[in-house]
Amino acid sequence: MVILMNKKEFIKELSNKLDYSEEQCIIINSILEDNFFISKKSKDKIIDELIEKLNVDYEKADVIYNTCVEIATKSIKEKLRHPFRKKD
């Protein structure tokens, strides 16, 4: 799932933004990796899986999904602006 960002960085950032444990973020990342997450059909499927596996309501699952998209979008934009910059 993690586009232009390694898995550990993604999980860490997701944990910081959502205030979730690393274990919960690993589950979220796993769900995203199993689905192509930038499509309407996949969004519904991902939200359903988040609800089931994390035992959250629809609104919270939607926030989780949107946060993941935000992190990925930010990573892509950063890579496009600075294609040769290495992360520390």
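Residues numbered from 1 in each chain as written. Predicted model: local features only at pLDDT ≥ 70, side-chain atom pairs only at ≥ 80, totals over all residues. Heavy atoms only, no water.

**Overview of the pattern of salt bridges**
Moving on, step 1. Counted under the stated rule, the structure contains five salt bridges.
Moving on, step 2. Between Lys 74 and Glu 13 there is a salt bridge, and its shortest N-O distance comes to 3.5 Å. Of this pair, Lys 74 sits in helix 4 (residues 58-81) while Glu 13 sits in helix 1 (residues 7-18); the two residues are 61 residues apart in sequence, bridging distant segments of the chain.
Moving on, step 3. Asp 62 serves as the salt-bridge partner of Lys 43, at 3.4 Å between the closest nitrogen and oxygen. Taken together, the residues Lys 43 in helix 3 (residues 40-54) and Asp 62 in helix 4 connect sequence positions 19 residues apart. Of the two residues examined, Lys 43 and Asp 62, each falls in the buried class. (Salt bridge = Lys/Arg side-chain N within 4 Å of Asp/Glu carboxyl O. Helix = DSSP H or I, 4+ residues; strand = E, 2+ residues; numbered from the N terminus. Buried < 20%, exposed > 50% of the residue type's maximum accessible area, 1.4 Å probe, protein only.)

**Describing the packing of helix 1 against helix 4**
Moving on, step 1. Put simply, helix 1 and helix 4 touch, their axes get as near as 10 Å, and they point 130° apart. When the axes of helix 1 and helix 4 are compared, the pair comes out oblique. The hand of the helix 1/helix 4 crossing is right-handed. Contacts between helix 1 and helix 4 involve Phe 10, Glu 13, Leu 14, Lys 17 and Leu 18 on the former and, on the latter, Val 63, Ile 64, Thr 67, Cys 68, Glu 70, Ile 71 and Lys 74.
Moving on, step 2. A per-class count over the contact of helix 1 with helix 4 returns seven nonpolar, one polar and four charged. (Axes fitted to C-alpha atoms, helices over the stretch in contact; angles between N-to-C directions. Parallel < 35°, antiparallel > 145°, perpendicular 65-115°, else oblique. Left-handed = near helix turned anticlockwise from the far one by under 90°. Contact = heavy atoms within 4.5 Å. Nonpolar A, V, L, I, M, F, W, Y, C, P; charged D, E, K, R; others polar.)

Purely spatial values, then, with no claim about function.
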